[in-house]
Amino acid sequence: MIFAGPGARLNLTIVIILAALLFVAVSVRPVKIVRDRGSGFIVWLWAWQECRIKFINSVTHLPVDMSFGVPWSFSGFSARTDPGTEEYYTAGGYSWNERLSKEHTGTLAYCSEVGIDVSLAGRVFHEQGGCISLFLLWPPFN
């Protein structure tokens, strides 16, 4: 038996360390953030954390608030905005949130002249008059 005898404590220690490493490997989500001004850096998220993007639509001049998660990719998107702004994005042809909820990607890029706020792990990153991109580094996304 693996947990009996003189090496039992060492075997148990190895099993605990491997279990902890496996937990981290399936739970941690490093996201690289690249902004127009400044160099890129990495923010560490947990797989179950919610992320947000808020901006003002440059045509309707009304706010858009998008939320998403990072269980295996950037996914589970939903948006809150006024009916006119949703109409601007969809031309009335489909339900925006229904379509967004099916999206999965490893990269996001947003640009805004008015300003955009990206909230990850309680940190807010603001970009105005430029772009901000997010790259999910783990797990790999095809």
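Residues numbered from 1 in each chain as written. Predicted model: local features only at pLDDT ≥ 70, side-chain atom pairs only at ≥ 80, totals over all residues. Heavy atoms only, no water.

### Digging into the nonpolar core
Here is step 1 of the chain: If you look at the biggest cluster of nonpolar residues, it comprises 25 residues, and the most contacted ones within it are Ile53, Phe68, Phe74, Leu108, Leu120 and Leu134.
Here is step 2 of the chain: Not counting residues up to four positions away in its chain, the partners in contact with Leu108 are Ile53, Phe68, Phe74, Phe77, Ile132, Ser133 and Leu134. (Core = buried A, V, L, I, M, F, W, Y, C linked by side-chain atoms within 4.5 Å. Buried < 20%, exposed > 50% of the residue type's maximum accessible area, 1.4 Å probe, protein only. Contact = heavy atoms within 4.5 Å.)

### Quick notes on the pattern of salt bridges
Here is step 1 of the chain: If you walk through the whole model with that rule in mind, you get four salt bridges.
Here is step 2 of the chain: Across the salt bridge formed by Asp65 and Arg52, the nearest N and O atoms sit 3.0 Å from each other. Taken together, the residues span a long stretch of sequence, with Asp65 in strand β4 (residues 63–69) and Arg52 in strand β3 (residues 50–56) at a distance of 13 residues.
Here is step 3 of the chain: Looking at Asp65, the relative accessible area reads 13%, which means it is buried.
Here is step 4 of the chain: With relative accessibility at 22%, the residue Arg52 sits in the partly exposed group.
Here is step 5 of the chain: In this structure, the salt-bridge partner of Lys102 is Glu98, at a minimum N-O distance of 4.0 Å.
Here is step 6 of the chain: Judged by relative accessible area, which is 59%, Lys102 ranks as exposed.
Here is step 7 of the chain: Via salt bridges that share partners, Glu50, Arg52 and Asp65 belong to a single interconnected network. (Salt bridge = Lys/Arg side-chain N within 4 Å of Asp/Glu carboxyl O. Helix = DSSP H or I, 4+ residues; strand = E, 2+ residues; numbered from the N terminus.)

### Concerning the sheet that holds strand β6 (residues 104–105)
Here is step 1 of the chain: The six strands lie next to each other as β6-β5-β4-β3-β8-β9, forming an open sheet whose pairing is antiparallel. With one partner strand each, in any of the chains shown, β6 and β9 (123–127) form the two edges of the open sheet.
Here is step 2 of the chain: For β3 and β4, the ladder comprises seven bridges, and the chain directions are antiparallel. Bridge pairing in β4 links Ile53 to Met66. (Pairing = 2+ DSSP bridges.)

### Digging into the packing of aromatic side chains
Here is step 1 of the chain: The final tally for this structure, using the stated rule, is eight aromatic pairs.
Here is step 2 of the chain: Centroid distance Phe41 to Phe125: 5.4 Å. Interplanar angle 45°. Geometry classified as tilted. Highlighted residues: Phe41 in strand β2 (residues 41–46) and Phe125 in strand β9, separated in sequence by 84 residues.
Here is step 3 of the chain: Ring geometry for Phe55 versus Tyr110: centroids 6.4 Å apart, planes at 35°, classification tilted. Of this pair, Phe55 sits in strand β3 while Tyr110 sits in strand β7 (residues 107–112), placing them 55 residues apart in sequence. (Phe/Tyr/Trp six-rings, centres within 6.5 Å; stacked < 30°, edge-to-face > 60°.)

### Let's talk about unusual backbone geometry
Here is step 1 of the chain: Cis geometry is adopted by the peptide bond preceding Pro139, which originates at Trp138 and carries an omega value of 0°.
Here is step 2 of the chain: Considering the arrangement of structural elements, one finds Pro139 in the segment after β10 (130–136).
Here is step 3 of the chain: One non-glycine residue, His61, adopts positive backbone phi at about 60°.
Here is step 4 of the chain: Summarising the element assignment, His61 is placed in the loop between β3 and β4.
Here is step 5 of the chain: Residue His61 is classed as exposed on the basis of its relative accessible area of 57%.

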